[in-house]
Amino acid sequence: QQPVQSPQAVILREGEDAVINCSSSKALYSVHWYRQKHGEAPIFLMILLKGGEQKGHDKISASFNEKKQQSSLYLTASQLSYSGTYFCGVTSGGSNYKLTFGKGTLLTVNP
Amino acid sequence: NAGVTQTPKFQVLKTGQSMTLQCAQDMNHEYMSWYRQDPGMGLRLIHYSVGAGITDQGEVPNGYNVSRSTTEDFPLRLLSAAPSQTSVYFCASSYSRGGSASDTQYFGPGTRLTVL
């Protein structure tokens, strides 16, 4: 079953912040975040494992709440290059490699 | 390294035709997957492989076959193409199964398939 992402779409002005959420009805083992630009392949951003850790690089970070079975991606001081569709992918077991993706969140950053 | 390569980039088929989408990686990755991407549906897993000779079904396996005879190659076969299989197909690979903090899944550039 696909995880649910919210919002479906968000429009920002350059420099504004955004939060994208990903929730699952299943117990999660790992959460993966990807960004895809139109007509291109998805690009890996980060992976979070169960344990409630938070990760980040540059101005993009993410958290993983194992108990709530959800993850959030935080984009701060957004740049034009952040525009694209963001996908979360989840696995539900350490031995299960089935990575199930959400339907995506379209982020548009305007000047 | 070339990373993950896919051929062809574009393909048009008629209903009932068969074809094979090629995928290769030169990173010595054990894990390889095939996804299809349709508007508004995200990426859906078709089949995946955890090593040479081992494959398993994903969410939407019907109408597709795979095999993994070598670590490098993971072809996807459409046995009898249908208009519902019109989609963008992505192949991906990773070093391990997604349980490590350093796991990264690398995607190929995609194959855009139209079935008339």
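See the structure printed just above.
Everything numeric here is computed off the predicted structure, so don't read it as measured data.

### As for the nonpolar core
Consideration 1: Counting 22 residues, the largest nonpolar core has Trp33, Leu73, Leu75, Tyr86 and Leu107 of chain A as the members making the most contacts within it.
Consideration 2: For this core, the elements supplying multiple residues, two or more each, are strand E2 (9-13), strand E3 (18-23), strand E4 (30-36), strand E5 (43-49), strand E7 (60-65), strand E8 (70-75), strand E9 (84-91) and strand E11 (105-110) of chain A.
Consideration 3: Ranked by size, the runner-up nonpolar core spans 18 residues in total, among them Leu13, Ile46, Phe74 and Leu113 of chain B.

### Regarding the pattern of salt bridges
Residue and element names in this part refer to chain B.
Consideration 1: The final tally for this structure, using the stated rule, is two salt bridges over all chains.
Consideration 2: Among the ionic pairs, Arg36 bridges to Asp38, the shortest N-O distance being 2.9 Å.
Consideration 3: Its relative accessible area of 8% is what places Arg36 among the buried residues.
Consideration 4: Here the salt bridges share partners, and the residues they tie into one network are Arg36, Asp38 and Arg44.

### Notes on the state of the cysteines
Consideration 1: Taken as a whole, this structure holds two disulfides over all chains when the rule is applied.
Consideration 2: One disulfide in the model links Cys22 of chain A with Cys88 of chain A; its S-S distance is 2.0 Å. Across the S-S bond linking Cys22 of chain A and Cys88 of chain A, the dihedral sits near 75°, which makes this disulfide right-handed. With a gap of 66 residues between them, Cys22 of chain A in strand E3 and Cys88 of chain A in strand E9 connect regions that are remote in the sequence. The pair formed by Cys22 of chain A and Cys88 of chain A is uniform in burial state, with each residue classed as buried.
Consideration 3: The disulfide partner of Cys23 of chain B is Cys91 of chain B, and the gap between their sulfur atoms is 1.8 Å. On the sign convention where negative means left-handed, the S-S torsion of about -70° between Cys23 of chain B and Cys91 of chain B marks this disulfide as left-handed. Placement of the pair is Cys23 of chain B in strand E3 (residues 19-25) and Cys91 of chain B in strand E9 (residues 87-94), with a sequence separation of 68 residues.
Consideration 4: Residue Cys23 of chain B is classed as buried on the basis of its relative accessible area of 2%.
Consideration 5: Overall, the relative accessible area of 0% leaves Cys91 of chain B in the buried class.

### A look at the sheet that holds E3 of chain B
The strands making up a sheet are joined through hydrogen bonds of the backbone, oriented either antiparallel or parallel.
All names here are of chain B.
Consideration 1: Strand order in this open sheet of four strands is E1-E3-E8-E7, and the pairing throughout is antiparallel. The two strands at the open ends of the sheet, each matched to only one other strand, are strand E1 (4-7) and strand E7 (64-66). Between one strand and the next, the sheet's axes are offset by a mean angle of 20°, whatever the strand orientation.
Consideration 2: Two strands pair when backbone bridges link them, and E7 and strand E8 (residues 76-78) are joined in this way by three bridges, in the antiparallel orientation. Residue pairing for E8: Asn65 is matched across the bridge by Arg77.

Reading guide: rules and limits
Residues numbered from 1 in each chain as written. Chains lettered and ligands numbered in written order. Predicted model: local features only at pLDDT ≥ 70, side-chain atom pairs only at ≥ 80, totals over all residues. Heavy atoms only, no water. Core = buried A, V, L, I, M, F, W, Y, C linked by side-chain atoms within 4.5 Å. Buried < 20%, exposed > 50% of the residue type's maximum accessible area, 1.4 Å probe, protein only. Helix = DSSP H or I, 4+ residues; strand = E, 2+ residues; numbered from the N terminus. Salt bridge = Lys/Arg side-chain N within 4 Å of Asp/Glu carboxyl O. Disulfide = S-S within 2.5 Å. Pairing = 2+ DSSP bridges. Axes fitted to C-alpha atoms, helices over the stretch in contact; angles between N-to-C directions.

Everything listed here is a matter of geometry and, on its own, says nothing about what the molecule does.
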